[in-house]
Every structure is written in C-alpha cells, then in structure tokens.
Amino acid sequence: MLDLSTPPSGTTSGLRAEREIFERILGAIAERRLPPGTKLTEESLVDIFGVTRARVRKVLLLLAQRGLVALEPNRGAFVAQPSREESVALFHARRVIESETTSLLAGLPEPERAYALRRLDAHLAEEAKARLADQPGAIIRLSGEFHRLVAELAGNPVLATIIEDLVWRTALALAAHATRHDTDCSPAEHPAIVEALRRGNGPLAVQLMTHHLDHIASSVQE
C-alpha cells in the first residue's frame, strides 16, 4: 500500500501536478515510507493526486531515468532495489564527488562562505529539532538534504545535480542492505564538518566528510 503521508492537495494541472507527484514520491522514499520493492500502481497515484494516467506515467518514467524506480514489462513500476555491488559503487562515487564539493565550499571567498555557513547552520538547527522531537523519518530526510545543500552551496551546479541523484539512490541502498540500525548520520558528524568549514580548513572538512560517508557506507559493505 502506498504511503505518501499527506493528503492530496486537490486536482492540479500541467507541470505543477507532475512536480507534486515527483516530490511526494521522493519524500516518501527519503523517509523510508516507500521501501525498495514497493509497487507503485498507476491507479493509486491517479486517485491520490487526481491526475491522468499519462501524467503519472511521465513521472514514473522520470524517476526510472534517475535510477529510483524500476519499470518492469507486464508488471508495472516498483521502487528500485539496488544490488549490494551497485550500492558500494554509489557510495564510492559520493566519496569522490563530495570530497570535491566540500573542498570547494571551504575555499569560497567572503561573503559567499558566510552565506553558505548561515544556510548550513539553519539546516543543522532543523536536524536538531527533528532529533529532539524524535521524528525518524524527518531525521533521515534531513540527513540527506545536508549533503545536497553542501553540494549546492559549493557553486558547481553540475556536481550538485549529480549528488542529488546519488543521495536518493544511496538512501535506497541503505534501506535495502543496511546490516545495522545506526546507518543514519551521527548527531555530531554534520556539526563537525560545518565547524571545519567555518574555520576555512578545507583538508579537515574533506577528511571529516569522507570519514562520515565511510561510516554510513560500511553498513552496506558489511
């Protein structure tokens, strides 16, 4: 059964409707309300969003192109289930790219770096709020958003787009293959990365980011 949490917002049209479907499915995947292998029936999505099958199919195709949905002939659409080997490769790609985006962010001139730090501090406050309220779904989603935000603020939109897709796909990898429960970001790891960035210490920020990603990835590798 599909769990998209919030009620339908009413019938919308055009690109706005497609964007809403896309973002709601992404949100449910990020919060692990749609685990790997979940069937995404066109009928359910049509009922939830009040749109045509054509629009639903367009969104499912877009999600498939980004590696988040598997379209199987004569069976339909399913939330993707990355193999263990693919999962390891995804985290390797993240380590390579996020080392660069973290270094770029640390080297930003003022006032760009000050602006980036304000954005990151605000995000850390949201993470702390979710932990205090004991909201596991929000914690998982915000953990992924931290990495997307770092890449966005680094100033290279191409790398930021790549990281966005990798974060979604590694979220599925963890849901499918994590061998322990502490697969989400430690409360101390993100603040430590931001503090290194605040000091302008690029090498330390990169080291902390890579260690952080290695810690998360080790659950899949085990």
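Residues numbered from 1 in each chain as written. Predicted model: local features only at pLDDT ≥ 70, side-chain atom pairs only at ≥ 80, totals over all residues. Heavy atoms only, no water.

Peer 1: Is there a simple way to explain the packing of aromatic side chains in this structure?
Peer 2: Think of a pair of aromatic rings as described by two things: how far the centres are apart, and how the planes are tilted against each other in angle. For the structure shown, the criterion picks out 0 aromatic pairs. Geometry around tryptophan 168 places arginine 148 over its ring, the cationic atom sitting 4.4 Å from the centre. (Phe/Tyr/Trp six-rings, centres within 6.5 Å; stacked < 30°, edge-to-face > 60°. Lys NZ or Arg CZ within 6 Å of the ring centre and 35° of its normal.)

Peer 1: Can you help me understand the environment of glutamate 23 in this one?
Peer 2: Structurally, the position occupied by glutamate 23 is in helix 1 (residues 14-30). With 36 residues separating them along the chain, glutamate 23 and valine 59 place their C-alpha atoms 9.9 Å apart. (Helix = DSSP H or I, 4+ residues; strand = E, 2+ residues; numbered from the N terminus.)

Peer 1: How should the pairing of strand 3 (residues 76-79) be read in this particular structure?
Peer 2: Looking down a regular strand, the side chains alternate between one sheet face and the other. Here strand 1 (residues 39-40) runs beside strand 3; their pairing, made up of 2 bridges, is antiparallel. When the sheet's bridge partners are listed, lysine 39 is paired in strand 3 with phenylalanine 78. Bridge count for strand 2 (residues 69-72) against strand 3 is 4 bridges, and the pairing is antiparallel. In the sheet register, valine 69 faces strand 3, and the bridge partner there is valine 79. Between strand 2 and strand 3, which follow one another and run antiparallel, lie 3 residues, and asparagine 74 among them has a positive phi close to 65 degrees. (Pairing = 2+ DSSP bridges.)

Peer 1: Hey, could you run me through the side chain of glutamate 18 in this one?
Peer 2: By the element assignment, glutamate 18 lies in helix 1. In this structure, glutamate 18 is in contact with Arg55, Lys58 and Val59, ignoring residues within four places of it in sequence. (Contact = heavy atoms within 4.5 Å.)

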